[in-house]
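Structure assessment
Below, each chain spelled out in residue letters.
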Amino acid sequence: MSGPQQITVLGATGSIGLSTLDVIARHPERYQVFALSGFTRLSELLALCIRHVPQFAVVPEVAAARGLQDDLRAAGLPTRVLVGEEGLCQVASAPEVDAVMAAIVGAAGLRPTLAAVQAGKKILLANKEALVMSGALFMQAVHKSGSVLLPIDSEHNAIFQCMPQDFSRGLGAVGVRRILLTASGGPFRQTPMSELAHVSPDQACAHPNWSMGRKISVDSASMMNKGLELIEACWLFDAKPSQVEVVIHPQSVIHSLVDYVDGSVLAQLGNPDMRTPIANALAWPERIDSGVAPLDLFAVARLDFEAPDEQRFPCLRLARQAAEAGNSAPAMLNAANEVAVAAFLDGRVGYLEIASIIEDVLNLEPVVALEDLDAVFTADAKARILAEQWLNRHGR
Ligand code: NAD
Ligand code: MG
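This text gives an overview of the structure that appears in the document.

Reading guide: rules and limits
- Each chain carries its own residue numbering, running from 1 in the written order of its sequence.
- Whichever chain is written first is A, and whichever ligand is written first is 1; the rest continue in order.
- Per-residue local features of the predicted model are confined to residues with pLDDT of at least 70, and side-chain atom pairs are confined, for both listing and counting, to 80 or more; whole-chain, interface and lining totals are unaffected and use all residues.
- In computing side-chain properties, one takes all heavy atoms of the structure into account and sets aside hydrogens as well as water.
- Only strands joined by at least two bridges in the DSSP assignment are considered to pair.
- Under the scheme used here, helices are H or I runs from DSSP no shorter than 4 residues and strands are E runs no shorter than 2 residues, and both carry numbers assigned from the N terminus.
- Throughout, an axis means a line fitted to C-alpha atoms (over the contacting stretch in the case of helices), and angles, computed between N-to-C directions, take values from 0 to 180 degrees.
- The contact rule is simple, with two residues in contact once any of their heavy atoms fall within 4.5 Å.
- The rule is simple: put a 1 Å grid over the protein atoms alone, call a set of points where a 1.4 Å probe fits but cannot get out a cavity, call an open set with protein on both sides within 12 Å along at least five of seven lines a pocket, and count a residue as lining if it has an atom within 4 Å of a point.
- Grid points are joined across faces, edges and corners, and a volume is the space filled by probe spheres set on the points.
- Under this grouping Gly is polar, as are all residues other than the nonpolar Ala, Val, Leu, Ile, Met, Phe, Trp, Tyr, Cys and Pro and the charged Asp, Glu, Lys and Arg.
- Here the nonpolar core consists of buried residues drawn from Ala, Val, Leu, Ile, Met, Phe, Trp, Tyr and Cys, with membership extended through side-chain atoms lying within 4.5 Å.
- Each residue gets one of three labels from its accessible area relative to the maximum for its type: buried under 20%, exposed over 50%, partly exposed in between, using a 1.4 Å probe on protein chains only.
- Two rings from Phe, Tyr or Trp (for Trp, the six-membered ring) form a pair when their centres sit within 6.5 Å of each other. Planes less than 30 degrees apart are called stacked, planes more than 60 degrees apart edge-to-face, and all others tilted.
- For a ring to carry a charge above it, either NZ of a lysine or CZ of an arginine must fall within 6 Å of the ring centroid while also lying within 35 degrees of the normal to the ring plane.

Here we take up the sheet that holds strand S2 (residues 31-37). Spatially, S4-S3-S2-S1-S5-S6-S7 is the arrangement adopted by the seven strands of the open sheet, whose pairing is parallel. Pairing within the sheet leaves two strands with one partner each, and these edge strands are strand S4 (80-83) and strand S7 (149-151). With strand direction ignored, the average angle separating the axes of adjacent strands in the sheet is 25 degrees. In the sheet, strand S6 (residues 122-125) pairs with S7 via three bridges, with the strands oriented parallel. Paired with Leu125 across the strands is Pro151, a residue of S7. Of the strands in this sheet, strand S1 (5-10), strand S5 (99-102) and S6 touch helix H5 (residues 110-118), which is tilted by about 150 degrees from S6.

Taken as a whole and judged by the stated rule, the model has one cavity of 30 Å³ or more. Every residue along the wall of the largest cavity is listed here: Ser154, Asn157, Trp210, His255, Gln268, Asn271, Asp273, Thr276 and Pro277. Those elements that provide at least two residues to the lining of the largest cavity are helix H7 (154-162) and helix H11 (275-283). Looking at the lining of the largest cavity residue by residue, the class counts come to two nonpolar, six polar and one charged.

Below, the discussion takes up the nonpolar core. The biggest cluster of nonpolar side chains holds 136 residues, and the ones touching the most others in it are Leu36, Met101, Phe138, Ile152, Met163, Phe237 and Leu333. Broken down by element, this core gets its largest block of residues, eleven residues, from helix H14 (residues 329-345). Apart from residues lying up to four places away in sequence, Phe138 is in contact with Leu110, Thr113, Leu114, Val117, Leu125, Ala130, Leu131 and Leu149.

Looking now at the pairing of strand S8 (residues 176-183). Regular strands have side chains that alternate between both faces of the sheet. Burial within S8 is extensive, with six of its eight residues counted as buried. Sheet topology note: the S8/strand S10 (residues 254-260) ladder contains four bridges and is antiparallel. Among the inter-strand pairings, Val176 is bridged to a residue of S10, identified as Tyr260.

Further remarks concern the packing of aromatic side chains. As enumerated under the stated definition, the model contains six aromatic pairs in all. A ring pair is formed by Phe188 and Tyr351, whose centres lie 5.1 Å apart and whose planes are at 75 degrees; its orientation type is edge-to-face. Note that Phe188 is positioned in the loop between S8 and helix H8 (201-205) and Tyr351 in helix H15 (residues 351-364), a separation of 163 residues in sequence. Of the two residues, Phe188 and Tyr351, neither departs from the other in class, the shared state being buried. Pairing Phe344 with Tyr351 gives two aromatic rings, centres 6.1 Å apart and planes at 65 degrees, and the pair type is edge-to-face. Assessed through its relative accessible area of 1%, Phe344 is described here as buried. Its end group placed over the ring of Phe377, Arg111 keeps NZ or CZ at 4.0 Å from the ring centre.

Structure below.
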């Protein structure tokens, strides 16, 4: 009865979604698309449906669903269109589905990703914000359902590949001293500090090595992305924040490393192309072709490393503080960051104000325990309100 695996791709129209579909299309005997979701670029979603013929497509609202359903019918496709978060949760947990690519950006991905976890699906986790917001509850749900959780973030996928298979016994038990999380340093690693107040969204999104969605591109420029990844690594590998060290490595060829007590340091290398971690997670524990060119070490020639400068990257310090505080602090950090980045992308605030907004929000609200998902969304909503109030207070 083992036909191709049925895959749901949440956030199919995004950068990770498209890379996932590229890998899937290389292996039609192994993978079939069960469902695709989109949020804004719905003509692209239609084109993806025509190409991959999923059973379901999910869009944010009813009018868009009607339009897409008519277009799909006109194209002679059997695809049924579902709506909103309920539709996302349905295609994430449907009995036919083997694996779910969680590639919606931001807090919007949490409920559908958790629905897939609770249904015991194999989870290919790109949506790091979901884990940052609700790490304890998320990991409890993974353990309860027996879901297999495979990291797509290139650093975490690299760490996963460098860990022994039984790492869930605990880092100490498997002889791991620390995790070395690499970061490119983004487009502003060497920009004079005096110019940072005036950098534009397009400059922030011009990442030197990776092509990504705009929110994560800004996070990479501010290094909030690395801060979110630090928190992500703590949950995925049951590490303390002090066991995760951030290393700036501008070439983005080493995707992260694991340092063992015997002095061995294992690294995973590759060209900066997300199809490698996607193929790794899709096929795990096997290996499949991803379409990524072989790494040419002679062309790379050298690998450089630097310590991060927290003056230049205050978001990294704020994220480490939130990781140490735990409880509601990471959810608040994430929500304040989402509002601040959206305001920066809209031209309402300057680049340096992103960190100011987040720091003010975190200072205003006490850290509380998060007993359930409602508490997570309450903390998220509070931080969004406080960040909006910051914008109003400053006349933005
Ligand atoms: P993107 O902006 O290119 O795509 C985001 C996707 O989410 C799109 O399909 C969009 O339609 C959908 N979406 C946006 N808002 C939504 C909402 N409110 N409800 C439902 N769907 C919504 O982003 P991306 O670069 O593909 O990143 C996706 C996730 O993967 C992020 O969490 C990011 O941190 C993570 N990630 C991305 C990369 C990368 O190289 N792009 C690397 C590591 C991790
Ligand atoms: Mg990453």
